[in-house]
Structures are given as C-alpha cells and as structure tokens.
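A look at the structure
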Amino acid sequence: MTSPEHRRPGPGRRAHRDRHGRGLRGRLVPATVPLARTKAEVFDDLVLDTVETLERRFAKELAGVEFAVEDVPPDLNVYDSDVLEDGEVPLARLLPGRPGRQEVPPRIVLYRRPLEFRAMDREDLADLVHDVIIEQVANLLGVDPDELA
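Note on numbering: residues in each chain are counted from 1, in written sequence order. Owing to the predicted nature of the model, reporting of local features is limited to residues with pLDDT of at least 70; listing and counting of side-chain atom pairs is limited to 80 or more, with chain, interface and lining totals taken over all residues. Side-chain calculation: all heavy atoms of the structure are included, whereas hydrogens and water are not.

Labelled according to an unreviewed UniProt entry, the chain appears under the name Putative Zn-dependent protease with MMP-like domain, originating from Micromonospora parathelypteridis.

Dropping the structure here:
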C-alpha cells in the first residue's frame, strides 16, 4: 500500500497533475498572435479600415455619423430609397439623422452576409466593402462618390 507521505508532494518531488504525468499545457501561440479570426471579425476590420481612412479626410463632415454592421438585413417586403440593393437583396442602409430634442445621429448599416456572399475572396470583399461605404457616405453628404474615392 501507498503511505500518505508518498501521495503528497514534498520537497524535491513534483506534483502529479494527471495520470500521464504531463500536467497542464501552456499556450500554443504567443498571446500577441490571434489564434483564429472569425469572418465577422475580419469583416469588422475591413469596415474600420475604410471608415478610418474616410474620417481622416472628412473629419468634420463625418463627426456624428455612426457606422454599424449587422449580419443580415431585416425582413421587410419593401425597402425604402435609403437602402442600397443588389437585385432584391439589401447590402447597406443609410439612416439619416433626426435633429431635435431626441437627436438621432446619421447611421450607416452594412449587412455582412450579403456582402460576403458576393465576394470571391478577401481582397474582393475589401473592395466591395470600400465601395459600399463610399456610396453610402456620398449619399449622406450629397456628393458624387467619385469625389470621395
């Protein structure tokens, strides 16, 4: 039989952590390296890249504008003129702000899944996201999209 002293780790003895004597494993990659990026995270990064570029150039005009990403558009029978569509599928929506007591800032919403579906690869998705944001911001500011690009 094993005595209680034999089971307890003491000086000069390592603690027995599992039946194979391995113990807990550490991280497989450094903490600064992401293990995996989801499609939503990659899409959000693409949106942020374009928005940051535009905000550097048009800081005053875009000061109160909110940008949002939703997975899919809401299920409506008819979409307003503020929706950018590809055929019957909305890709983005511009919600103009409402001044007044309960001020609502302008908001541009991009729909991730329809945009991803139309892109062949990540570069194509980046171009598509850029073009859609440019078009929505141009509509908001009342300028030609070529002036923003």
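Moving on, there is more to tell.
Brief notes about the sheet that holds strand S2 (residues 83–86)
Test applied: Two strands make a pair as long as DSSP finds a minimum of two bridges between them. The helix count covers DSSP runs of H or I at least four residues long, the strand count covers runs of E at least two residues long, and both are numbered beginning at the N terminus. Structural elements are reduced to axes, namely lines fitted to C-alpha atoms, with helices fitted over the stretch in contact, and the angle between N-to-C directions of any two is expressed from 0 to 180 degrees. Here a residue-residue contact requires only that any non-hydrogen atoms of the pair lie within 4.5 Å.
Strand order in the open sheet formed by 4 strands is S1-S4-S3-S2, with mixed pairing between adjacent strands. The open sheet has two free edges, formed respectively by strand S1 (66–70) and S2, since each of these has just one partner strand. Strand after strand, the sheet turns through a mean of 15 degrees between neighbouring axes, direction not considered. Of the pairings in the sheet, the one linking S1 to strand S4 (residues 107–111) comprises 5 bridges and is parallel in character. Each residue of the ladder has a partner; that of Ala68, found in S4, is Val109. Packing against the sheet, helix H2 (residues 39–57) makes contact with S1 and S4, and its axis sits at approximately 165 degrees to S1. Most of the contacts of helix H4 (residues 122–141) go to strand S3 (residues 89–95), to which it runs at about 40 degrees, and overall it touches S1, S2, S3 and S4.

Things to note about the side chain of Arg112
For Arg112, the location among the structural elements is in helix H3 (residues 112–118). With residues up to four places along the chain from it excluded, the contact list for Arg112 reads Lys39, Ala40, Phe43, Val69, Glu70 and Asp71.

Focus: a negative patch on the surface
The criterion, for reference: Grouping into patches uses exposed residues only, defined as over 30% relative accessible area, and leaves out salt-bridged ones; the cut-off is 9 Å for like charges and 5 Å for nonpolar side chains (Val, Leu, Ile, Met, Phe, Trp, Tyr). Accessible areas in this description were obtained via Shrake-Rupley with a 1.4 Å probe; residue shielding takes into account the shown protein chains only. What counts as a salt bridge is simple: a side-chain nitrogen of Lys or Arg found within 4 Å of a carboxyl oxygen of Asp or Glu. We score Asp and Glu as negative and Lys and Arg as positive, and we do not count His or the chain ends. Where a charge lies is defined by one atom per residue type, namely NZ (Lys), CZ (Arg), CG (Asp) and CD (Glu). Under the scheme applied here, a residue whose accessible area is under 20% of the maximum for its type counts as buried, over 50% as exposed, and between as partly exposed, the area being computed with a 1.4 Å probe on protein chains only.
A contiguous patch of negative charge on the surface is contributed by Asp121, Glu123, Asp127, Asp131 and Glu135. For Glu123, the position within the fold is in helix H4. With a relative accessible area of 61%, Glu123 lands in the exposed category.

Overview of the pairing of S3
For S3, a buried count of 5 out of 7 residues is recorded, marking the element as mostly surrounded by other parts of the structure. Bridging between S2 and S3 involves 4 bridges; their strand directions are antiparallel. Bridge assignment links Val83 to a residue of S3, and that residue is Arg93. What sits between S2 and S3 in their antiparallel hairpin is a turn of 2 residues, with Gly87 showing a positive phi close to 70 degrees.

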